[in-house]
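Chain and residue survey
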Amino acid sequence: DGISGFDVTAVLKNDADTKNIPILIVSVVEDKEQVYKLGINDYLSKPFKIEALIEKVARLLKDAQKKILVVDDDKNLAKSLRYQLGRRGYSASVAHGGKMALEKVRSQPPDLILLDIMMPDMDGYEVCERLKADTVTRKIPVIFITAKTDIEDETRGLAMGAVDYIHKPFSAPIVLARVE
């Protein structure tokens, strides 16, 4: 009733809870300048072909998918976590060591890192320390997932900047809840 898609978009993009939701405007009005000024992710002019709509929605949803890097030298555990995260709609990749993790973070920065501590090539503490020392990667949240259960280990991990610390063995629902 008198509220345009542009007005709704302005409200959504100015609200911290909804600003990252992708928005596709479908309209007969072609005001591309207004579209991009408001932060609309894509635009489709009416009339349109259904294939064009499906393609644009699929691209927006793919772009909106959160990327998680699972770092663990236990290949079966890493594969299992990647599978569980994928079922939840995340795009998960795996690194089987600290050096590989740092390379992947540089080439494809994730939105979150699940990081083991005890690995043969470089331990998780060093990986976290390097990530937090780099201005490009310091804001990527890190959750340690480890068999190290001593209070000192957990305190050290959190003091380094990790947002959480999960003990192995763990249950997948707990990991997924903490990722959320």
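Given the structure is predicted, the values throughout are model-derived calculations rather than measurements.

1. A short note on the sheet that holds strand 6 (residues 142–146)
In spatial order, the strands read 4-3-5-6-7; together these five strands make up an open sheet with parallel pairing. Bordering the open sheet on either side are strand 4 (91–95) and strand 7 (164–167), each of which pairs with just one other strand. The mean angle between the axes of side-by-side strands here comes to 20°, regardless of whether they run parallel or antiparallel. Across three bridges, the pairing between strand 5 (residues 112–115) and strand 6 is parallel.

2. Section: helix 8 (residues 172–179)
Within helix 8, the full set of buried residues consists of Val175, Leu176 and Val179. In a view along the axis of helix 8, the buried residues occupy a sector of 95°, so they form one face of it. Turned more than 90 degrees away from the buried face of helix 8 sit Pro173 and Ala177, all of them exposed. Buried residues belonging to helix 8 abut strand 3 (67–71), helix 4 (75–87), strand 5, strand 6 and strand 7.

3. Brief notes about the pairing of strand 3
Most of strand 3 sits inside the fold, with four of its five residues counted as buried. Summarising the sheet, strand 3 and strand 4 pair through five bridges and their orientation is parallel. Residue pairing across strands places Val70 opposite Val94, the latter belonging to strand 4. At this point the chain moves from strand 3, through helix 4, to the parallel strand 4, and the crossover so formed is right-handed. Pairing analysis gives four bridges linking strand 3 to strand 5, with the strands arranged parallel. Each residue of the ladder has a partner; that of Val70, found in strand 5, is Leu114.

4. A short note on the environment of Ala78
Along the chain, Ala78 turns up in helix 4. By relative accessible area, Ala78 is classed as buried at 0%. With 28 residues separating them in the primary sequence, Ala78 and Ile50 have C-alpha atoms 39 Å apart. Among all residues touching Ala78, those that are not within four sequence positions of it are Val70, Asp72, Val94 and His96.

5. Considerations on the packing of helix 5 (residues 98–107) against helix 6 (residues 124–133)
Two packed helices can be described by the angle between their axes and the distance between those axes. Between helix 5 and helix 6, the least distance of the axes is 9 Å, while the angle of their chain directions is 25°. The angle between the axes of helix 5 and helix 6 places the two elements in the roughly parallel class. Handedness of the helix 5/helix 6 crossing: right-handed. Contacts between helix 5 and helix 6 involve Gly98, Leu102 and Val105 on the former and, on the latter, Val127, Arg130 and Leu131.

About the thresholds
Residues numbered from 1 in each chain as written. Predicted model: local features only at pLDDT ≥ 70, side-chain atom pairs only at ≥ 80, totals over all residues. Heavy atoms only, no water. Pairing = 2+ DSSP bridges. Helix = DSSP H or I, 4+ residues; strand = E, 2+ residues; numbered from the N terminus. Axes fitted to C-alpha atoms, helices over the stretch in contact; angles between N-to-C directions. Buried < 20%, exposed > 50% of the residue type's maximum accessible area, 1.4 Å probe, protein only. Arc of directions from axis to C-beta. Contact = heavy atoms within 4.5 Å. Right-handed = clockwise from strand over helix to strand, strands pointing away. Parallel < 35°, antiparallel > 145°, perpendicular 65-115°, else oblique. Left-handed = near helix turned anticlockwise from the far one by under 90°.

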